[in-house]
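Observations on the three-dimensional arrangement
Each chain, written out:
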Number of protein chains: 2
Amino acid sequence: MTNSNRKSKTIKPENSAPRKRLGARSREQQIIDESISFFAEKGFTGKTRELASRLGFTQPLLYRYFHTKQDLIDRVFEEVYLNRIKPDWIVQLQDRSRPLEERLCEFYTVYSQATYRYEWIRIYMFSALMGEKLNQRYIKLIENEILTPICLELRDYYRLPDCEPVSQVELDHVWVTHGGLFYYAVRKHIYHSRVGNDFSAIVSRAISTMLAGSKTIFSDQFDDA
Amino acid sequence: MTNSNRKSKTIKPENSAPRKRLGARSREQQIIDESISFFAEKGFTGKTRELASRLGFTQPLLYRYFHTKQDLIDRVFEEVYLNRIKPDWIVQLQDRSRPLEERLCEFYTVYSQATYRYEWIRIYMFSALMGEKLNQRYIKLIENEILTPICLELRDYYRLPDCEPVSQVELDHVWVTHGGLFYYAVRKHIYHSRVGNDFSAIVSRAISTMLAGSKTIFSDQFDDA
DNA sequence: TTGTCTATTTATCATCTGATAAACTAAGCC
DNA sequence: GGCTTAGTTTATCAGATGATAAATAGACAA
């Protein structure tokens, strides 16, 4: 009865491909690549059999390359979170020989190209909802390596003193713009919503608005100092 | 063997509560309430046995009130998406006898109180990742009932003509602020991140910035008209 | 008290799903 | 060819999970 609907044992001559046999290295990378795409679409409750089916082989083969499903998921996390932010971006961001508006637009262009992708955005959100610690570490990284430097550049832009540490108020304020731009990717890849197709123009307008309108917010930080 | 770890059959005198017996109505509402909290935390792959355990009764009882798990999830969706946006908010938003800045701040205060909650934000994001159609309908509702009116108020604010329909550029621009504020709730409830505790002040600064800095963005819409 | 109704539990099923062991087979080497 | 190595499949397990049927028991009425 279990065998009644299995007829593939001996009858497989019409299958054009005899059977691919990949080396361990390339097979492993192939699995990781497809897993990113697969888990991005289905979430981490996606079934191993369906993943294997997409890869064109049977489910137990996955366990030759990854001891458990969680091991595979961890590798996917690594791939998603690791080396996303290039240190050079922050260096460029702080190059005061160029206009801040230009630097910010350029930064968000390269940053968005690296992260505002279907796979990245969705895996990022899935893992955050799961309470993954990597996500929280990543947020701290963004605050320390990106938003805090931006706050300091804004102080310089508004010709304000730069003695005190960046406050939560300043941080929250740049988070609004940062989050607003990130939310473009959420609308596109998670909500599957219709969005404007010229993202660099959206960035340009958002940055221009923030610079033109935030002076008093940053100034107020030093009123009673 | 199956029975070896079951000792609750006859021995249950020490359990203080003998056994609650609720009416159908109140039990059903109790299940929905707890389900919202449960699925918000675990996602919709949360197990029915764990949900029942939280409710203090056994798993099959769920199936007396909801025919399938999906039925229960659908009820949770309804509860989350239904009647979130009160028509009066939009009426107030368009009351030009009051300053726009004041109206926008007030709107985002009531709007955030209704939606920027742990349960709501998480269920919203889980369902969006699942590709729920209700989510896409909700986004359209926001665009039509909230963001488009805001764009029209901004045109009035900048004393621009109000003849053409609201463009995608205008919409995308107010989406940045709207999304930036929404992202505050994402950081708080999904990333479990440290956020400023005075959200109304954050709203106030974001609105003030947008109004002070967006004039050229909206004006440019009518340059070549 | 007794009886009826229905809320709740116990027992159980069928299927799914992650994981393992063993059989199979393609590829390289002698 | 025959041998060895390693990539792949087949068969299968054990536990989890949504769902159902039947047994149990609290509440209320006569």
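Figured I'd write up the structure that's included with this text. (Residues numbered from 1 in each chain as written. Chains lettered and ligands numbered in written order. Predicted model: local features only at pLDDT ≥ 70, side-chain atom pairs only at ≥ 80, totals over all residues. Heavy atoms only, no water.)

Remarks on the protein's contact with DNA strand C
- The full set close to DNA strand C counts 26 residues, and A:Lys47, A:Thr48, A:Lys69, B:Arg21 and B:Arg27 are the nearest of them.
- A:Gln59 is positioned such that a nitrogen or oxygen atom in its side chain is 3.0 Å from a base nitrogen of DNA strand C.
- Within the side chain of B:Thr58, one N or O atom sits 2.8 Å away from a phosphate oxygen of DNA strand C.
- Of all the elements in the fold, those that place two or more residues in the surface near DNA strand C are helix H2 (48–55) of chain A together with helix H3 (62–65) of chain B. (Near = heavy atom within 4 Å. Polar contact = N/O pair within 3.5 Å; in protein donor to acceptor, adjacent residues only side chain to side chain. Helix = DSSP H or I, 4+ residues; strand = E, 2+ residues; numbered from the N terminus.)

A word on helix H10 (residues 199–213) of chain B
All names here are of chain B.
- Compared with an ideal rise of 1.5 Å per residue, which puts 15 residues at 21 Å, H10 spans 21 Å between its outermost C-alpha atoms and is within 8% of the ideal.
- Counting buried residues in H10 gives 11 out of 15 residues, a clear majority hidden from the surface.
- Among the residues making up H10, those that are buried are Phe-199, Ala-201, Ile-202, Val-203, Ala-206, Ile-207, Ser-208, Thr-209, Met-210, Leu-211 and Gly-213. (Expected span 1.5 Å × (residues − 1). Buried < 20%, exposed > 50% of the residue type's maximum accessible area, 1.4 Å probe, protein only.)

Some details on the side chain of B:Glu153
Residues and elements named next belong to chain B.
- Residue position: Glu-153 is located in helix H8 (residues 133–157).
- Within the local environment of Glu-153, its side chain forms a polar contact with the side chain of Arg-103, the two groups lying 2.9 Å apart.
- When residues no more than four places from it in sequence are discounted, the contact partners of Glu-153 are Leu-93, Gln-94, Arg-96, Leu-100 and Arg-103. (Contact = heavy atoms within 4.5 Å.)

Some remarks on the interface of chain B and chain A
- Listed as interface residues are 40 residues of chain B and, on the opposing side, 40 residues of chain A.
- Interface area, chain B with chain A, both sides summed: about 3700 Å², of which 64% is carbon and sulfur.
- Counting the surface chain B buries against chain A, the share from its top three residues, B:Leu129, B:Tyr183 and B:Tyr191, is 19%.
- Where chain B meets chain A, there are 4 salt bridges.
- For the interface between chain B and chain A, the tally reads 10 residue pairs in polar contact (both at pLDDT 80 or more).
- At the level of secondary structure, the elements contributing two or more residues to the side of chain B that touches chain A comprise helix H7 (118–129), H8, helix H9 (168–189) and H10 of chain B.
- With 13 residues, the single largest contributor to the side of chain B that touches chain A is H9(B). (Buried area = accessible area lost by both parts, 1.4 Å probe. Salt bridge = Lys/Arg side-chain N within 4 Å of Asp/Glu carboxyl O.)

Points about the pattern of salt bridges
- One pass over the structure, following the stated rule, counts 26 salt bridges over all chains.
- Residue A:Asp156 is joined to A:Arg96 by a salt bridge in which the shortest nitrogen-to-oxygen separation is 3.4 Å. Within this pair, whereas A:Asp156 is found in helix H8 (residues 133–157), its partner A:Arg96 is found in the loop between helix H5 (87–93) and helix H6 (100–115), the two being separated by 60 residues in sequence.
- Take A:Asp156: its relative accessible area is 35%, and that puts it in the partly exposed class.
- For A:Arg96, a relative accessible area of 44% puts it in the partly exposed group.
- A salt bridge links B:Arg155 to B:Glu170; its shortest N-O distance comes to 2.9 Å. Of the two residues, B:Arg155 is situated in helix H8 and B:Glu170 in helix H9; the sequence distance between them amounts to 15 residues.
- Here B:Arg155 falls in the buried class, since its relative accessible area comes to 1%.
- By relative accessible area, which is 1% here, B:Glu170 ends up buried.
- Residues participating in the shared-partner salt-bridge network are A:Arg96, A:Arg103, A:Glu153 and A:Asp156.

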